[in-house]
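The lines below spell out each chain.
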Amino acid sequence: ESVLGASLRRIGDFGPTDIAKLAWVLAKLQIKDDARELWVALSKEAAKKICTSGRFIDISMTAWAFAKAGLAERVLFGQLASA
């Protein structure tokens, strides 16, 4: 099983920092098209977990990753900005 597939399958087990770091790595390595489903799942999990954790580093890493990947969503960025 690929790392992308395993991550997608277990995304619900990830904590805020795990989500932020995975998004950062995907953006840094420019993995976008092969991981569309994972990006969608990361967005949903980030909205639930990162926006409530309030840790600046998780918020900033996630915002950077989504912006770098060109997947910035108005709703997610609004939630990150108000976290």
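Scroll up a little and you will see the structure.
Thresholds applied
- Within any chain, residue numbers begin from 1 and follow the written order of that chain's sequence.
- With the structure being a predicted model, the display of local features is reserved for residues of pLDDT at least 70 and the display and counting of side-chain atom pairs for 80 or more, all residues being used for whole-chain, interface and lining totals.
- With hydrogens and water excluded, all non-hydrogen atoms of the structure serve as input to the side-chain values.
- Patch members must show over 30% relative accessible area and no salt bridge, and they are joined within 9 Å when carrying like charges or within 5 Å when they are nonpolar side chains of Val, Leu, Ile, Met, Phe, Trp or Tyr.
- The accessible surface values rely on the Shrake-Rupley method and a 1.4 Å probe; as for residues, cover is taken only from the protein chains in view.
- Here a salt bridge means any side-chain nitrogen of Lys or Arg lying within 4 Å of a carboxyl oxygen belonging to Asp or Glu.
- Going along the chain from the N terminus, every DSSP run of H or I of four or more residues is numbered as a helix, and every run of E of two or more is numbered as a strand.
- Note on aromatic contacts: the rings of Phe and Tyr and the six-membered ring of Trp form a pair at centre separations within 6.5 Å, being stacked when their planes are under 30 degrees apart, edge-to-face when over 60 apart, and tilted otherwise.
- In this scheme, a residue with accessible area under 20% of its type's maximum is buried, one over 50% is exposed, and one in between is partly exposed, where area comes from a 1.4 Å probe on protein chains only.

Chemist: In this structure, what is going on with a nonpolar patch on the surface? I would like to understand it.
Modeler: Taken together, the side chains of Trp24, Val25, Leu29 and Trp64 define a hydrophobic patch exposed on the protein surface, amounting to about 370 Å² of accessible area. When you line up the elements, Val25 lands in helix H2 (residues 16–28).

Chemist: What am I meant to see in the packing of aromatic side chains here?
Modeler: Each aromatic ring pair is summarised here by two numbers: the centre-to-centre distance and the angle between the ring planes. Taken as a whole and judged by the stated rule, the model has two aromatic pairs. For the pair Trp24 and Trp64, a centre-to-centre distance of 6.0 Å together with 35 degrees between the ring planes defines the contact as tilted. Here Trp64 lies in helix H4 (residues 56–68) and Trp24 lies in helix H2, a separation of 40 residues in the sequence. On the accessibility criterion, Trp24 (33% relative accessible area) is partly exposed. Taking relative accessible area as the criterion, Trp64 reaches 35% and is therefore assigned partly exposed.

By themselves these figures say nothing about function.
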